[in-house]
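Residue-level structure breakdown
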Amino acid sequence: MMKTKDLLLLIGILFVCITGCQDITEGYLEVDEASYTPDTLYVYKTLDPVNDAVRIREDAPWVSLAIEGVLGTAQIHYSVENVTAPELGEAAAKIVKDELTIRGGGIMQYPLKNQAQPGTYKVSVRVTNPGYSKVIQDAMTIIVKD
């Protein structure tokens, strides 16, 4: 028959084996200080033929600067998590979400020729890397003007 001391030792060894063999996600992802500067992107539906001549000729999209303050293990990927437009409704927000893309560094790109209704849109961004995924709520405001 096992002694209490031996039984406690066996339980301790089993506990260490069970807890020590769990997979621990390597790396890290921090977005608490993440933001766009500036955090507003203006999109104009009606362009000036003189001032916007290059944009019109090149069909150049509206582009934000890269997001700042994202720290983490590479490869970091960005995607549009959600777009809201309380004044315009879900249908208008869905159009912007479908047309909006995010490139490397969190750079947002909105096409010159788009279907967006004039108004204000809030964009939440998902940041993902190996083992982690976090959302930055209302990271960018897009204002569409006639």
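Everything quoted here is computed from the prediction, not taken from an experiment. (Residues numbered from 1 in each chain as written. Predicted model: local features only at pLDDT ≥ 70, side-chain atom pairs only at ≥ 80, totals over all residues. Heavy atoms only, no water.)

Brief notes about the overall build of the protein chain
Defined as follows: Here a strand is any run of E in DSSP of at least two residues, a helix any run of H or I of at least four, and the numbering for each starts at the N terminus. Only the C-alpha atoms count toward the radius of gyration. The rule for a globule is 2.2 Å times the residue count to the power 0.38. Three exposure classes are used, based on accessible area relative to the maximum for each residue type with a 1.4 Å probe and protein chains only: buried under 20%, partly exposed in between, and exposed over 50%. Should any heavy atoms of two residues lie within 4.5 Å, those residues are counted as being in contact. Areas reported as accessible are Shrake-Rupley estimates using a 1.4 Å probe. Residue values count occlusion only from the protein chains shown. Just so you know, the count uses Lys and Arg for positive and Asp and Glu for negative, and it drops His and the chain ends. By convention, charge coordinates are those of NZ in Lys, CZ in Arg, CG in Asp, or CD in Glu.
On a plain count of helices and strands, the protein chain comes out with three helices and nine strands. Taken from the N to the C terminus, the helices and strands of the protein chain come in the order α-β-β-α-β-β-β-α-β-β-β-β. Since a compact globule built from 146 residues should have a radius of gyration of about 15 Å, the 24 Å found for the protein chain marks it as more spread out than a globular shape. Each of the three principal axes of the protein chain carries a C-alpha extent, and together these read 95 × 30 × 20 Å. The buried share of the protein chain, reckoned over its 146 residues, is 29%. Here the analysis covers contacts within the protein chain between residues at least 6 apart in sequence; of these, 67% occur between residues at least 24 apart. Of the roughly 9,700 Å² that the protein chain leaves accessible, carbon and sulfur atoms contribute 56%. Here the protein chain carries 13 positive and 19 negative side-chain charges, and the mean point of each set is 3 Å from the other.

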